[in-house]
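# Remarks on the overall topology
Residue-level listing of the chains:
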Amino acid sequence: MNQKSERRGIHVDQSELLCKKGCGYYGNPAWQGFCSKCWREEYHKARQKQIQEDWELAERLQREEEEAYASSQSTQGAQSLTFSKFEEKKTNEKTRKVTTVKKFFTASSRTGAKKAEIQEAKAPSPSINRQASIETDRVSKEFIEFLKTYHKPGQDIYKQCKLFLDTMNHKRHLSIEEQSECAQDFYQNVAEKLQTRWKVPPEKVEKAMDQIEKYIMTRQYKYVFCPETTDDEKKDLAVQKRIRALHWVTPQMLCVPVNEEIPEVSDMVVKAITDIIEMDSKRVPRDKLACITKCSKHIFNAIKITKNEPASADDFLPTLIYIVLKGNPPRLQSNIQYITRFCNPSRLMTGEDGYYFTNLCCAVAFIEKLDAQSLNLSQEDFDRFMTGQVSPKKQEADSFSPDVCLGVKQMYKNLDLLSQLNERQERIVNEAKKLEKDLIDWTDGVTKEVQDIVEKYPLEIEPKNQALAAIDSENVENDKLPPPLQPQVYAG
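Residues numbered from 1 in each chain as written. Predicted model: local features only at pLDDT ≥ 70, side-chain atom pairs only at ≥ 80, totals over all residues. Heavy atoms only, no water.

### What about the overall build of the protein chain?
Basically, it comes down to this: Labels follow the DSSP assignment, with helices taken as runs of H or I lasting at least four residues and strands as runs of E lasting at least two, numbered in each case from the N terminus. Exposure classes here rest on a 1.4 Å probe applied to the protein chains alone. A residue is buried below 20% of its type maximum, exposed above 50%, and partly exposed in between.
From N to C terminus, the protein chain includes 18 helices and two strands. Buried positions account for 31% of the 492 residues belonging to the protein chain.

### Observations regarding a negative patch on the surface
Counted only if it meets this: Candidate patch residues must exceed 30% relative accessible area and have no salt bridge, after which like charges are joined if within 9 Å and Val, Leu, Ile, Met, Phe, Trp or Tyr side chains if within 5 Å. Only the protein chains shown count as covering a residue, and every accessible area follows the Shrake-Rupley method with a 1.4 Å probe. Take a side-chain nitrogen of Lys or Arg and a carboxyl oxygen of Asp or Glu: if they are within 4 Å of each other, that pair is a salt bridge. In this tally, Asp and Glu contribute negative charge and Lys and Arg positive charge; neither His nor the terminal groups of the chain are included. Each charge is placed at NZ for Lys, CZ for Arg, CG for Asp and CD for Glu.
Taken together, Glu177, Glu178, Glu181 and Asp185 make up a surface patch of like negative charges. Tracing the chain through its elements places glutamate 177 in helix 7 (residues 176-197). The partly exposed category is assigned to glutamate 177, whose relative accessible area is 47%.

### Re the packing of helix 7 against helix 14 (residues 332-342)
How we decide: For helices, the fitted line uses only the C-alpha atoms of the stretch in contact; every axis is such a line through C-alpha atoms, and the angle between N-to-C directions lies from 0 to 180 degrees. If an angle is under 35 degrees, it is roughly parallel; if it is over 145, roughly antiparallel; if it lies from 65 to 115, roughly perpendicular; otherwise it is oblique. For this analysis, residues touch if any pair of their heavy atoms sits within 4.5 Å. Side-chain classes are defined by residue name, with Ala, Val, Leu, Ile, Met, Phe, Trp, Tyr, Cys and Pro counting as nonpolar, Asp, Glu, Lys and Arg as charged, and the others, Gly among them, as polar.
Between helix 7 and helix 14, the least distance of the axes is 8 Å, while the angle of their chain directions is 45°. Taken together, the axis directions place helix 7 and helix 14 in an arrangement best described as oblique. Between helix 7 and helix 14, the residues in contact are Ile176, Glu177, Gln179, Ser180, Ala183, Gln184 and Tyr187 and Thr340, Arg341 and Phe342, respectively. A class-by-class count of the residues in the contact of helix 7 with helix 14 yields four nonpolar, four polar and two charged.

### With respect to unusual backbone geometry
Notably, cysteine 226 is not glycine yet its phi reads approximately 50°, a positive angle. Relative to the helices and strands, cysteine 226 resides in the loop between helix 8 (202-224) and helix 9 (232-245). Its identity is not glycine, yet cysteine 255 carries a phi of approximately 60°, on the positive side. Inspection of the secondary structure puts cysteine 255 in the loop between helix 10 (251-254) and helix 11 (263-278). Residue cysteine 255 is classed as exposed on the basis of its relative accessible area, which comes to 56%.

### A closer look at the pattern of salt bridges
The full count for this structure, using the stated rule, is 16 salt bridges. Overlapping salt bridges, with partners in common, bring together Arg138, Glu142 and Lys214 in one network.

### Observations concerning the packing of aromatic side chains
The description of an aromatic ring pair uses the distance of the two centres, along with the angle that the planes make with each other. Note the threshold: Pairing of aromatic side chains requires ring centres within 6.5 Å, counting the rings of Phe and Tyr and the six-membered ring of Trp. Pairs whose planes differ by under 30 degrees are stacked, by over 60 edge-to-face, and all others tilted.
Here the structure, examined in full by the defined rule, presents 16 aromatic pairs. The interplanar angle of 20° and the centroid separation of 5.0 Å between the aromatic rings of tyrosine 221 and phenylalanine 225 together place this pair among those described as stacked. Each member of the pair, tyrosine 221 as well as phenylalanine 225, is classed as buried. Each ring, one from phenylalanine 225 and one from tyrosine 338, has its centre 5.4 Å from the other, and the planes form 80°; the classification is edge-to-face.

### Points about the environment of isoleucine 367
Mapped onto the secondary structure, isoleucine 367 falls in helix 16 (residues 351-368). Residue class for isoleucine 367 comes out buried when judged on its relative accessible area of 2%. Between the C-alpha atom of isoleucine 367 and that of arginine 242, which follows or precedes it by 125 residues, the distance is 7.8 Å. Setting aside its immediate chain neighbours within four residues, isoleucine 367 contacts Arg242, Ile243, Leu246, Ile321, Val324 and Leu325.

### Topic: helix 8
Going by this rule: We define the bend at any residue as the angle between the axes fitted to the seven residues before and including it, ending there, and the seven starting there.
The largest bend in helix 8 comes to about 45°, at threonine 218. Note on helix 8: the residue one or two positions beyond its end, cysteine 226, has a positive phi of about 50°.

### What to know about the confidence of the model for the protein chain
The following threshold applies: The pLDDT score gives, residue by residue, the confidence of the prediction method on a 0 to 100 scale.
Confidence in the prediction for the protein chain averages 79 pLDDT; 70% of positions are at 70 or higher. Between residues 75-83, whose pLDDT stays under 50, and residues either more than four places distant or in other chains, the model counts three contacts. Across residues 97-124 the pLDDT falls below 50, and counting only partners more than four positions away or on other chains, this stretch makes five contacts in the model.

### Some remarks on helix 9
Note the threshold: Multiplying 1.5 Å by the residue count of a helix minus one yields the expected span of that helix. Taking the helix axis as origin, the arc is that swept by the directions to the C-beta atoms.
Its 14 residues place the ends of helix 9 20 Å apart at the C-alpha level, agreeing with the 20 Å of an ideal helix rising 1.5 Å per residue. Among the residues making up helix 9, those that are buried are Asp232, Asp236, Val239, Gln240 and Ile243. Looking down the long axis of helix 9, one finds its buried residues gathered within 100° of arc, a one-sided arrangement. The exposed residues of helix 9 that point more than 90 degrees off its buried face are Lys234, Leu237 and Lys241.

### Things to note about the state of the cysteines
As a reminder, the rule being used: In plain terms, two cysteine sulfur atoms within 2.5 Å form what is called a disulfide here.
Within this structure, the stated rule accounts for zero disulfides. Distance from the sulfur of cysteine 291, which forms no disulfide, to the nearest cysteine sulfur (cysteine 295) is 9.3 Å. Judged by relative accessible area, which is 1%, cysteine 291 ranks as buried.

### Looking at a nonpolar patch on the surface
Among the surface-exposed residues, Val408, Met411, Leu415, Leu418 and Leu421 lie close enough to one another that they form a single nonpolar patch of about 420 Å² accessible area. By the element assignment, leucine 418 lies in helix 18 (residues 406-456). Its relative accessible area of 54% is what places leucine 418 among the exposed residues.

### Here's the deal with the side chain of aspartate 236
On the secondary structure map, aspartate 236 appears in helix 9. Although aspartate 236 is buried, it makes no salt bridge; arginine 331 carries the closest opposite charge, 5.8 Å away. For aspartate 236, the contacting residues outside a window of four places in its chain are Cys226, Arg331, Leu332, Gln333 and Ser334.

### Regarding the packing of helix 8 against helix 12 (residues 285-307)
Across the interface, helix 8 lies against helix 12 with an axial gap of 8 Å and an inter-helix angle of 105°. With respect to helix 12, the element helix 8 is oriented roughly perpendicular. Across from Asp210, Glu213, Lys214, Met217 and Tyr221 in helix 8, the residues of helix 12 making contact are Pro285, Arg286 and Lys288. A per-class count over the contact of helix 8 with helix 12 returns three nonpolar, no polar and five charged.

Below you can see the structure in the form of structure tokens.
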């Protein structure tokens, strides 16, 4: 296919522009010199090859796991055989470790030893790894025991899960969104097989999917929760900082229908805060959702006790916002993103878990965009509260019920005193600034008046006067005057 090699006077070598495959179309440097059609073909071939290699590797690694699963269904004698295989595997692993340590002391492995030291420094604490390993082993045993009740489908489910985990181990380079799509596709495929191929009842399908999610995400948690390739950690810090800045928000500002002076209601609020904070300690998305559900139910109970009637959705959301502000859960955005990416989609789209999770997402979005209008405050008061210049008026200590702790009363009394002192200090500062301004204005006014008078009546300096002459010095007829009288003394 002939194409022009000259454009706007610039001569170009046609061989450098054409597709590397020789199809005659222009190639693109971003596609390694291929045209779009050839690039898609090459990418498809490479992807199919990678998938085939992943399957072969997964099948090879799966054989040992299949033997372990088959032995778990055998008699007590077979269990001893499994234990012997475990001991053999442990011995082989120990031998490999000893061999690795010996290599560290050889002259040819000094560079490798330095790299190992760097990796060891970056590795997490052994106690943390040990704890995670114990939990993973426990979940694996529970998963195997659960699959025994499914007989033949249980074996196929176990094979599919092991194959998926092996495939995910080879896809660590993918983005977290692509890994999420792989997990969602796996959930959907397994659920369809349980319903169509193995004819499993719907209630058992739901239980099986919960166990599959628990088994998979317990092993994948440390790789897919708050990964370094995302900005989840940055969002966590921003939300925590925002919630700390809003510590002054009161239930009255949010129209929260909860009276914490009632002991039962106060206990419900504490339990709700505990549940929402506990969410971060769970590893499985379903368990994190369970914490949100428990928190929400405590909120509904608190509203019901306060109002003596069932709570509505309009009452629930403001109270949930208040609980989040008061609890400030750790890594809130990371937990929300983790649930969204790797939770069973059927659980998020239906049921009370999905409803409560949606309300939590709305609460976080409201907190991020909360402004003066949302709290029915003026912009001036909102800015003063945010900067810490003043705080909302607290409850009077005398209005507390007799059951309230004396320390709480004293705390509110001290807060009132501090608020009054702060107001007095502000008044003094404002008056001092006003006095300073008045002095400056008075000084400027006096200076201006003096300048106006000087300009209106300028100072004129006359020359120095001559010496004064006698009074009669200018009288010409002095010579004609009689002589002055002389005093005379008469004898008596």
